[in-house]
Every structure is written in structure tokens, then in C-alpha cells.
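Descriptive structure summary
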Number of protein chains: 4
Amino acid sequence: MAGSSFGKIFCVSTWGETHGRGVGVVVDGCPAGLSLCEEDIQRYLDRRKPGQSKFTTKRQEGDQVEILSGIFEGKTAGTPISLVVYNKDQRSKDYSAIADIYRPGHADYTFDQKYGIRDYRGGGRSSGRETIARVAAGAIAAKILQEMGIEVFAYAEEIGPYVIDKANWNPALREENVLYMPDAQAAEKAAAYLEEKMEAKDSCGGVVGCKISGMPVGIGEPVFDKLSAKLGQAILSIGAVKGFEIGDGFTAAKSVGSVNNDAFYNHNGHIEKETNHSGGVLGGMSDGSEIYFRAAFKPTPSIASPQRTVATNGEEREIVIKGRHDPIIVPRAVVVVECMAAITIIDELFVNMSNRLD
Amino acid sequence: MAGSSFGKIFCVSTWGETHGRGVGVVVDGCPAGLSLCEEDIQRYLDRRKPGQSKFTTKRQEGDQVEILSGIFEGKTAGTPISLVVYNKDQRSKDYSAIADIYRPGHADYTFDQKYGIRDYRGGGRSSGRETIARVAAGAIAAKILQEMGIEVFAYAEEIGPYVIDKANWNPALREENVLYMPDAQAAEKAAAYLEEKMEAKDSCGGVVGCKISGMPVGIGEPVFDKLSAKLGQAILSIGAVKGFEIGDGFTAAKSVGSVNNDAFYNHNGHIEKETNHSGGVLGGMSDGSEIYFRAAFKPTPSIASPQRTVATNGEEREIVIKGRHDPIIVPRAVVVVECMAAITIIDELFVNMSNRLD
Amino acid sequence: MAGSSFGKIFCVSTWGETHGRGVGVVVDGCPAGLSLCEEDIQRYLDRRKPGQSKFTTKRQEGDQVEILSGIFEGKTAGTPISLVVYNKDQRSKDYSAIADIYRPGHADYTFDQKYGIRDYRGGGRSSGRETIARVAAGAIAAKILQEMGIEVFAYAEEIGPYVIDKANWNPALREENVLYMPDAQAAEKAAAYLEEKMEAKDSCGGVVGCKISGMPVGIGEPVFDKLSAKLGQAILSIGAVKGFEIGDGFTAAKSVGSVNNDAFYNHNGHIEKETNHSGGVLGGMSDGSEIYFRAAFKPTPSIASPQRTVATNGEEREIVIKGRHDPIIVPRAVVVVECMAAITIIDELFVNMSNRLD
Amino acid sequence: MAGSSFGKIFCVSTWGETHGRGVGVVVDGCPAGLSLCEEDIQRYLDRRKPGQSKFTTKRQEGDQVEILSGIFEGKTAGTPISLVVYNKDQRSKDYSAIADIYRPGHADYTFDQKYGIRDYRGGGRSSGRETIARVAAGAIAAKILQEMGIEVFAYAEEIGPYVIDKANWNPALREENVLYMPDAQAAEKAAAYLEEKMEAKDSCGGVVGCKISGMPVGIGEPVFDKLSAKLGQAILSIGAVKGFEIGDGFTAAKSVGSVNNDAFYNHNGHIEKETNHSGGVLGGMSDGSEIYFRAAFKPTPSIASPQRTVATNGEEREIVIKGRHDPIIVPRAVVVVECMAAITIIDELFVNMSNRLD
């Protein structure tokens, strides 16, 4: 495949450009017998919808999902599930000004060089709207996981210089502030920081954290398909992600073995770990502890300040990106991270099913 | 596949346990016509061989590679290349003491839970010896890349708290110190730090950096097979890696758009970037700049200090790992990172070949 | 993947049920730069459309294709091409009578056993309408092949007992008779035979032949992805196909080496074969001769005569399939065979691109 | 992958040339906990070993398999199983005469054109010795199937013009005659026919039949990975196979629906079929009846009679193949067919495991 599919058994194939007819996904390999309706998917899509706060683009999109196949009498039938979200607010005219120019930090130049052709209307396939397909598929994965008692929970962990404080951790807060930050104080400071950046016609980056609870032990395939490696691919495939850590990540690189090793102990007949520096993955397989990983997002490349760049013909130019863009990607990316994690976990669970005879 | 294969076209399938007959790899999809002999591969294997300094395990292994197929009259024939390194120093007896115990920080527990059976002799398939197969395959990938003018160069960037200073950067130094650190002063301090850790029966972590030069623009497949995502999977699949960054990575998350965006300019008719915060990847495709990524390695889990743990029957125990182990994985992992990067790059180059009609 | 995708590089993922919202396909890996419009695809779909002769079902379907993504300014952009054909004539009510019964020769029973759930409205995913997606994708493959000078030509070779006579072979006739038989006399007899079968409320089988000209030498991958093996999978994956032969096929099994071997000779500086018993494939790779294969189709299982069967609860029943069904699948399957062959060939051509350095 | 791997979960990757160091296979995805020793595999290899009758080549090969990995204390450990058979009787000198000539019916010409290089010593990778790897892997698949109550039984069904008579069918006879024909009379006539062909310095073709009993219902994935389609690919990937039929195959193409449809009935509470024209596959999934398929083998291309051909430089030549070759491939191919079927079935069984929630 040419890069638009992910998953060996629970296989997700996405399509669509930001200013084309729409965006969609085919989910092949979803087990039969799962209750599934459009509302199950819509709930996830609504979490990444634009126009919900002052920190997101004003583009008007209902982002209504339609199920085109794979469901019979309210249940998955084992056949491919085709989902589509038609684009409404295409406004192609807005983009004619950037047709012959390479926006810094965007994929314009690389697309042109790779394919010799590029849909210049707002990024085409490299637009953030591509993630609609990931979220739609991930909503299905998350629903199966829930039936298995596995919960994936992502959130904004850092926005610019503001990091959540574990002492203030309150998952319920995630839904209560537009930044999806489960720490009220950090969220408040981050919001002020974002307003400042917007005023300065600038943008900023941040970090999404993700916790997965309820995992059985032993999920993930040695050698190349370690759970950490597949999660890494899944998360790093999201546009704007520049880093991935599991457990202590780069901090572990500065630690010592006597600290970083998680001691095992017997907790009422269950083997557990006293600490979780590993982030729930040992030897590439889930170790029964909570899985914890972090994804670094770069600042939104679309900024309203003037930038130096070149035109497609090589001429040097100055560019000012018009329209209002999200000053930070993180809040809307939270659900995308959650969904990519869910897709990865469900696929590894299915691959694991034939790992022993019994 | 069950996780022991990597690459869509240049496909690498590895096998072998640390105390079995040997370790090997089948490389399918290597183009015909490449001059290749055992010496080409041995040179890479020698870089990860144990017993070369006081900072590596004393295990005696020649790690001599044999080519079993795929070469005809000194050239690759287009058929699968089978490579084997037979184990010499198996010393299974040393390991009987740990047969019924789960070493902290190792994959013992997760292997047992996944498969219901585990080769307890030194980690079996999760041993560092598994990387022999990666290096053998990577040596072939690197040789093809060299013919294309692409060079992959990995090195130790951080050892414990010691980070190389860009001002002292000297790639030639990599081969001159046993730590593969291209900064003489940092290497010296790191060596002293390691001796201290060894004396304390402890270990430490570090960071491997990797630079790839000579890349054409547009390599990497949107959406899920972005170059950064596939490199991420490749590197995170190496045992002990807990984090991956491309370009500014987690630092970008704290930056702002006006700084993090790399401005394009016209350099004597070529489009280039003034800075390289992106690490050579834009929109998941190579952008013509040097590719730069970092991998975080956790401290070696095998330490000679006593640790709390449990036996396979759930009993709590204290364990002291015998034998001498590398106090840090990083120096020997440098070539492994380089080889996994080479395999990833060559595969993406081949996948890219059909991306346009002309 | 769970069986709805085909092709390693030119990767086709289909979805849809006969009485759902529609049928579609995502084509990932189509090279950029191909001129493509809906009419290019519609032309192929029209060849399999129902209701075009007295020998096809009366179901009224326009089968209008819509391109939802992947095209920019009339050319493929290298991104996934999503195609959909919405169903119009769903008439679910007609099918309620067969909801609790297993039709002989159909997939009702196996679907129910596999998934525990089944879309009983006309076969669901196992309906012939699933082939719409194959044809839509195949039309794109065929267009690329044409630009490379490769032509795939399928036709009805046998209908019931009537076989085309090579002496009467006239490819232009294919479009002139509703049976797609390039032999006027055989077509006439076959038509009379079909009318007889319809009157008897019975159906019959036949054979589709396929010729591929213009192939370069060496396409197809040893060992498991031989051109003949991949064509075999592609064709045998079409519903109702029970046999596949390449070249002399089962006749070769009764031949002797001195006859079956095709002698090479030098034809004005080109190496050619005096005969083509091989059907254009030697050692699993194209040998430069015309590729020739045959596909055996079983009789349409839907017949209006009473048949013995069982209900889903195990009760024995008699069933009479209502509605008018194609008395033979072959004429409408011709274009499906052609399209599956085109998809296979283009994929193997792309896979072959990295087979040598030069 | 480049064609040397087969299977999505039970994944088999083969390597090796007839006159290289040896032939081998890596089996990834074999479940843990299967008792397995070299003798289990050797028993299958012995069935395809040369030199066992006057109808096989005299090449002296012990074909002793060695297990290099994946087994711990007599059981599979869930890790890749690496198997190797080293070549003994290489006799490269015999082949120098054919280094610059294209043997009719062989892959010499296509290999040269594809790769620009060719191991001319006896066919290299396209030699029949490549099937050693298939048989070694298939022996493991067959052992797992046996534990599940599934038996795969292949045999010689036709040799030249001699077909087994169902009335004489006696599976025990398969092991009693060197032709593996379970009909004593047919075997006798076939043996005489073969002697005649050998005397005439000619060869002949034949058909291998295969029956699979004990299959659960619903195995095989719609749409492209139908059980019949994957069996087709598996069998057509064996060198010299030119045709594949399941159930009535090409005979079904001449049948009518009222005969070809297998009526369902209730057999003591189980749903069964009165006939088995389908060959045990309906809609691409196993239907609970015995699976039955046939593979057509062309005559051995190596014959001692003079043949016209060309040299690599285009010169026309006459060639006489020296050495003694099998006058027919079928008897030694029986176990190869059986093994490829076993690999296919086990893989589809594993893929099926996640098909429903319950």
C-alpha cells in the first residue's frame, strides 16, 4: 500500500482532501456483532470539530459522518465499514493566492517535488482535515476496547511553556476547558498565553499525553512490531508530531538502572510493579501497568506574520497567511491521538490472538 | 506477519535467540547487481561486537557472518539474501539461576504471559543479540544508499548527563573513542561517569543521534507511512529505546511558529531552507535538508546491585544479576540505529519509485 | 487486512453491500499525473451494468460513479482515489422471504456461520454488485496500462457447451453481441441455449478467456508472487469462479515435454518463442509472449426451479428464488476479469521497479 | 515483500538456490506451545527427496533439516522458527555448458531479463529445490492442523493420460507406490507410460488432487482473500503448475444450476450438503464439506532430446539437456501441494480468529 492504510487486521484506509468532496475511511477487519451507529462516531468527531472556541479556525463545518456500509440492523456485519464526511465550507477562492508559493512549515514543497502536482487549496491531503478519517475509525476501535474494559484517555499536557501539575490532575476537567487540559490552573495560564500569541500573529506548540488502562499483559509483537514501536508510528504519523516518548522517555536516558528498573512485587496474588518508569511496556509488550506516552506537536505553521519563502518558480517572496488559523494544534489533536492509540491497540490485540495453542 | 519482518519492498525477516544456534536474517527485495561480500557486512557487525572495551560485556563472540544465499559471482542476484551468525559462547549454565525469576526491566514477565513459555537463557529473543540481524541487513541497505550518495551517520549524543557540544563536533572522533562520541571532551567525562556507575554496580542511559545526508526531496509516504513515522517505528523497535524525536522534537513543542518555521530561500537556483528545525522532514516527506533524529535509550536493566522482584510462582525475591553487563547500551547501539535508519530509508526510496508517471 | 484489499503498491480496498447505501473502492498508490475523469471509469462500469439485455437481471441501476478524492485539475494527484456508486434500486422488501433460509450455491450459510450475522437482503457483500468496486478500480489500472502500451482483453470463450472457434475469432464482435463472444456463430448458438435454460428455469456456466498483450519481459515475483499465482488469486477471488488456467493449463498436464516446451528463436534480433503453450509466463514471470488465461464460472446459483434446502433453524424447506436473475454470469463478468487482471498487472509492474540497480 | 513470503499471520519467508549453500525458511507467527522436533519436519522432506525411485533424478541429497531457532525445550516458543537444509551435491561443473543458453520451458530467459544476472547453475532460485523450504514450513502447519483435527491429503490423480478411478480409490496405496497414486491399476499403467517417455527422452505432465477434511465452516475472507483464491495463489506459485480447480472447476462451467447447486439438508441436527460440487467452498469460505482441489502440472521441461533455442547473445542453438531428470514432477510435488495447502489453511484459520466479538 501507498501509505494511506494502517493496521494488519483492524485495517484502516483513509482518503480525502481538505477542499475536495470530502474525507473518509474504510475500516476492514472490524469484528461482527458490535453495536454501532453514526452517533457513536459523531461524538468523537465533535471533539475535533473547528469553530468551537476562540482558539480554533472559524471554518464552518458540521463534520457529519455517514455510515455507507458494514452495518446491518444496528450491528457490525464483519464487512468493511465505509465512513464519509462531506466537506461543506470549501471556499477555494481563498486559496488562489498561495497556489504558486511554498508556505514555510507546510508540505507544499515536498508534495510538489514528490508528485509533480499538488492540490494547493489549503494543503490538500496534508491538511488537518485528514485526521477526520482517523478519528472516525478510532471511534470504532475505542468502542470495541471499551467492551473489553480498556480505556484510552488523551489530554493536553503542555501548551507552550505551561505544563500540567500532577498535583492538580483532574480528568473530569478535560471536557470543561476548551484546551482539554486536566489542570484548571495550567489551563488558565495557557489560555492567556495563547491570546498573547494570537495577538502577536504567532502560534505555539505543545504536548499531548495519553494513558491506556485495562490492558492485558503481553500485547505487542517482538521484534519490529513492539507495542511502543507501533504506537510510535501511529502517533508520529499525525501531522505536526515531532516527538514520541513512552514512560519516562528522554528522561530515562538521564536516569540510572537502579532507579529506572521497575521492581515487581506480589499484590494480593497479582504480579505488579512498584513504579512505572516503563510506561506500561516491557520488551515491547504491555506489562499490565497503565500505558503512558507523550507526543510533541510543533507550533501551527500557518501564522499571520510575514515570512520569507520562495515561489514555485524559485522566486523569493514574502508571505502572510490570511484567514484565522488555530494558534495551537494540541487541543483538537487530543482526540486524534486517542483514536490512533485505540486503532493501534485493537490491532495488536487481534494479532495477538493466535500467539499460543491452548 | 508476526512482528519479525520490517519493510514493504526491502523486506527484512529476522530470527534467533541469544542462547540458541544463532541469529540471522533474510533480506528479500534487495535489487540485483549490487557487489556484496561477507566483509561488507562484517565491518558493520564488528562495530556492535561485545568485548571490545571495558564498557561492554565480556561475552566472547566472533560474530562472524555467513552469506547463505542471494549472491552470485559477487553480486546480488535479486533473490533473498540469507545471513547467519552462529552463536559460539552459549554458556547456558550461567542462566539457570534466573530460570524461575522475572528480572526487573527485562521482558521475562511479558514473554511468559504472552506465550506461556520463555527461553530463560539470557533473554532469548529479547536479548541484545537480536540486533545482530538488524545490523547485518542494515549493512546491505547502507551499501545501496552509499551508491546513491546517501549517508547515514549515527553517534552517541548523550551519555548519562554528558551531552556533546556542537562546538566540539568532530565526526572523525566517533571511531576514536569506545563510546562513539564525536566530542573528545564529552567522551572523556562520560567515560569517567561510566566507571563510577560500574563501581556502584549501576548502569545509565543515553541518547543516540543520527544524521542522514544526500536525501532527495519527497521520500516518505503520506499519511501513515510518513518518513518520520516509519523511522520512529524502526528506532522504537530497538530494545531499550523509550523516545524518538525528529528535528527539534520536544523542544519544538515549546517553540513558536515564527521561530520554528524554516524559511525557504533560493540558493543558486536550488530551493533550500535557512534553518532546519524540521529535521529534514516536512509533511512526512524528506525536504532536502539533512535528516536529524534522536533516540532515547533507558539504562541497561541488568545491574549487579540487589533488586526486589518476584519468581514465576509469585513469590517475592531479591535478585542480583551476575556476570558483567554493558553499563550502558548506547555505544553498541549506535550502529543498530544507523542500520535501522538505512533499512527504513531504502524501503521508502523503493516505495516512492511508482509515485508518478513520466 | 481482512480480505477487502488487493495489491501491494497499487492497493485497492473495496466496501459495500448490494442493499446498503452503495458500493465503493479506495485506490491507494495510483501514480500522480494520470488524466482521469468519471467518464473513464463509467465506460467500464457500463459494460457490467444490469438490464442491458434479456440475459441480465432487470434490476434498475444507473451505476453512476462519483470520484470523491484524489483528482486535481483533471489529473491524479498521487493521493487515494475514492470512488462510490450509490445504490438506487434497493427494494429490500423483495428479500424478506429469504431472510431465514439458506439458498443453495450461495454464501448465506457460510456468512452466517462465520460472522453470526448476515445481511440477507440479496447476498449483502457476496452479491455480484461487489464487483462494481473491482471494475471501477480496474478502469484506472487499465488506463495506466494503456499508456504503457499494454492491453488487457477479456471475452466469453465458452457458454454452456458452446466454445468459440479460433477460426472465427473476431475481437470486434465482442462489443456487438450481448454475450461478449468474439465468434458470431458460437454467440448465436449460445443465445439459443440460454433462452432454453431460462425457459427451463435453469442457469448455466461458462468460461471467460483473457489475453494481455504488450507486456515487458520479467514481470512477476518469484517465489510466491509469481504472475500466474497473483493472477490466479485475483481471478479466483471473483464470486462464482471455480477454476483458473494459464496457457495450456490442464491440457498441459496431458502433454509431453517435447511438445509443451516453447522453443526460443531469434526474430530479427529479438528473442521470441515459436509457440505459446506457456501462456506468456515462464518461471512465474512474463516471457514477452501474449499472456493468456481462462476462468471457469459455475452456473448462476439463483434459479426459479424449486430446490431443497434448510432454514436457519435447521428445518428442511423447499425454495423457489423469485425475481429474474442472469441465467449466466459470464457476459457481465467479462469486464470484471479484465479489470482484476489489469489491477494485478499494474501492481506487479510497480513492484518490479526496484528489482535492479542501474 | 518481494515475493518470497507467504501468509499474513503464519508467515513463511523462503530463501536459497539449488547450487548455493542451501535452502531454508523462516516461519514467523507459529503459535507457542507446539511440540516440534526435526523429525516432524524430516518426515515430510523425505517424501520429496530425490533418488528414491527410477522416476526421480539421481542427485544425491540427504536433505537433512536443521532447526536453528524458535524451539525451547521441545516446544515452539512463539518466536520465528528458522529451518535450513544445506546442499551437499552441488556439482557446479555439470552446469557450465548451459551458462550462456536459455533452456526452453525454464525460467532462464525471464530471470536474465528481470534481474540482468542469473545463477545459471541448475536454475538457481527457480529450481525444484526451492520447494524444500515450502515443505519444511508446511510440515509445521500440518502438525498444528492435525491437533485441530484437520487433515490435508494430496495425491497423484493423473499421470499423462492415466487418471485414477474413484472406484479403486485407496488412500493407503499412496505410500505404497512411488507415484503416490491411490489406485493400484492406474499406478501400474502410469509407471509403464513413464518408462516409455524416459526411453523416448521425453517427459510428461499430470494432476495432483488434494482433499482437506475436518474444516470448520466459515474459514476464508471475503472478498479478495477467499479460501479458494488464496489456495489458488498458493498452488499456482509452485513451479510448473499451470491450472487450479476447486470442486467441479472447469466441469462446473459446462453444468447447469439445477445440478451444480448443492442442496442443503439436516443431518441429525447438522446442516450438510447432499452433493459437493462446490469442493467445500461457498462464497469463498469453507462450507463444512471436504475441500477438494486439483493442480495441473506441465511436463518436466528438462528433456534429453535435442531442442531449438537461443544463446544469451541471441545466436540460435540446439540444446540437449544432460544428466537424468525426473520424467514427471507430479509424484514429488504431491507433498509440496499438501504443504502449501496446509500453510494457507492455517493462516486463514488465524486470520479468522478476530472475525466476531463474543
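Described in the following lines is the structure provided in the data block. (Residues numbered from 1 in each chain as written. Chains lettered and ligands numbered in written order. Predicted model: local features only at pLDDT ≥ 70, side-chain atom pairs only at ≥ 80, totals over all residues. Heavy atoms only, no water.)

1. Describing unusual backbone geometry
For the bond from Pro-222 of chain A to Val-223 of chain A, the omega torsion is 15°, close enough to zero to count as cis. Its location among the elements puts Val-223 of chain A in the loop between strand 10 (206-213) and helix 5 (227-236). For Ala-240 of chain A, which is not glycine, the phi torsion reads 80° and is therefore positive. Counting through the fold element by element, Ala-240 of chain A comes out in the loop between helix 5 and strand 11 (241-246). Even without a glycine there, the phi angle at Lys-201 of chain C is positive, about 55°. Classification of Lys-201 of chain C as partly exposed rests on a relative accessible area of 48%. (Helix = DSSP H or I, 4+ residues; strand = E, 2+ residues; numbered from the N terminus. Buried < 20%, exposed > 50% of the residue type's maximum accessible area, 1.4 Å probe, protein only.)

2. What about the pairing of strand 12 (residues 264-267) of chain B?
Residue and element names in this part refer to chain B. Bridge count for strand 12 against strand 13 (residues 270-273) is 4 bridges, and the pairing is antiparallel. Along strand 13, the bridge assignment pairs Asn-266 with Ile-271. The hairpin turn running from strand 12 into strand 13, its antiparallel successor, is 2 residues long, and Asn-268 in that turn takes a positive phi close to 50°. (Pairing = 2+ DSSP bridges.)

3. Regarding helix 5 (residues 227-236) of chain C
Counting buried residues along helix 5 of chain C, 10 of its 10 residues qualify, which places the element largely inside the surrounding structure. Every buried residue of helix 5 of chain C is listed here: Leu-227, Ser-228, Ala-229, Lys-230, Leu-231, Gly-232, Gln-233, Ala-234, Ile-235 and Leu-236 of chain C.

4. Considering the interface of chain C and chain A
Each side of the interface is counted separately: chain C has 42 residues, and chain A has 42 residues. Both faces considered, chain C and chain A share a buried interface measuring about 3,200 Å² in area, 61% of it formed by carbon and sulfur atoms. As a salt-bridge pair, Glu-66 of chain C and Arg-21 of chain A come within 2.8 Å of each other at their nearest N and O atoms. Remark: the boundary between chain C and chain A carries 12 residue pairs in polar contact (both at pLDDT 80 or more). For the side of chain C that touches chain A, the elements supplying multiple residues, two or more each, are strand 2 (11-16), strand 3 (22-28), strand 4 (65-67), strand 6 (75-76), strand 7 (81-86) and helix 2 (108-115) of chain C. A breakdown of the residues in the side of chain C that touches chain A according to their chemical character gives 17 nonpolar, 14 polar and 11 charged. (Contact = heavy atoms within 4.5 Å. Buried area = accessible area lost by both parts, 1.4 Å probe. Salt bridge = Lys/Arg side-chain N within 4 Å of Asp/Glu carboxyl O. Polar contact = N/O pair within 3.5 Å; in protein donor to acceptor, adjacent residues only side chain to side chain. Nonpolar A, V, L, I, M, F, W, Y, C, P; charged D, E, K, R; others polar.)

5. Let's talk about the interface of chain A and chain B
The interface is formed by 106 residues belonging to chain A together with 106 residues belonging to chain B. Across the chain A/chain B interface, buried area totals approximately 8,300 Å², and carbon plus sulfur atoms make up 59% of it. Considering only the surface of chain A that becomes buried against chain B, Lys-114, Phe-224 and Lys-242 of chain A emerge as the three largest contributors, covering 11% of it. Here chain A is connected to chain B by 6 salt bridges. Where chain A meets chain B, there are 53 residue pairs in polar contact (both at pLDDT 80 or more). Ranked by the residues each element gives to the side of chain A that touches chain B, the list is headed by helix 2 (residues 108-115) of chain A, at 7 residues. Here strand 11 of chain A runs beside strand 11 (residues 241-246) of chain B; their pairing, made up of 3 bridges, is antiparallel. Of the residues in strand 11 of chain B, the one forming a bridge with Gly-243 of chain A is Glu-245 of chain B.

6. What about the packing of aromatic side chains?
One pass over the full model with this rule turns up 46 aromatic pairs over all chains. Ring plane angle 35° and centroid distance 5.4 Å describe the contact between Phe-244 of chain A and Phe-293 of chain A, whose orientation is recorded as tilted. Taken together, the positions of Phe-244 of chain A in strand 11 and Phe-293 of chain A in strand 16 (residues 291-297) put the pair 49 residues apart, joining distant regions of the chain. Ring-pair connections join several aromatic residues into one group, and the members of that group are Tyr-102 and Tyr-109 of chain A together with Phe-264 of chain B. A cation over an aromatic ring shows up here: Lys-114 of chain C above the ring of Tyr-115 of chain C, its NZ or CZ 5.8 Å from the ring centre. (Phe/Tyr/Trp six-rings, centres within 6.5 Å; stacked < 30°, edge-to-face > 60°. Lys NZ or Arg CZ within 6 Å of the ring centre and 35° of its normal.)

7. So, the relation of the copies chain C and chain A
Overlaying chain C on chain A yields an RMSD of 0.0 Å, the required transformation being a rotation through 180° with an accompanying axial translation of 0.0 Å. Put plainly, the chains are arranged around a two-fold axis. The fraction of interface residues of chain C whose copies in chain A are also interface residues reaches 100%, indicating that both copies meet through the same surface. (Least-squares fit on C-alpha atoms with pLDDT ≥ 70 in both.)

8. Digging into the sheet that holds strand 4 (residues 65-67) of chain D
Residue and element names in this part refer to chain D. As summarised here, the arrangement of the 5 strands in space is 1-2-3-7-4, forming an open sheet in which the pairing is antiparallel. The open sheet is flanked by strand 1 (5-6) and strand 4, the only strands paired with a single partner. Relative to strand 7 (residues 81-86), strand 4 runs antiparallel, the two sharing 3 bridges. Across the sheet, Ile-67 pairs through a bridge with Leu-83, a residue of strand 7. Most of the contacts of helix 1 (residues 38-48) go to strand 4, to which it runs at about 155°, and overall it touches strand 4 and strand 7. (Axes fitted to C-alpha atoms, helices over the stretch in contact; angles between N-to-C directions.)

9. Considerations on helix 3 (residues 131-147) of chain D
Residue and element names in this part refer to chain D. Along its 17 residues, helix 3 runs 24 Å from first to last C-alpha, staying within 8% of the 24 Å computed at 1.5 Å per residue. Here helix 3 lies mainly inside the structure; 15 of its 17 residues are buried. Positive phi shows up at Gly-149, right after helix 3, with a value of about 80°. (Expected span 1.5 Å × (residues − 1).)

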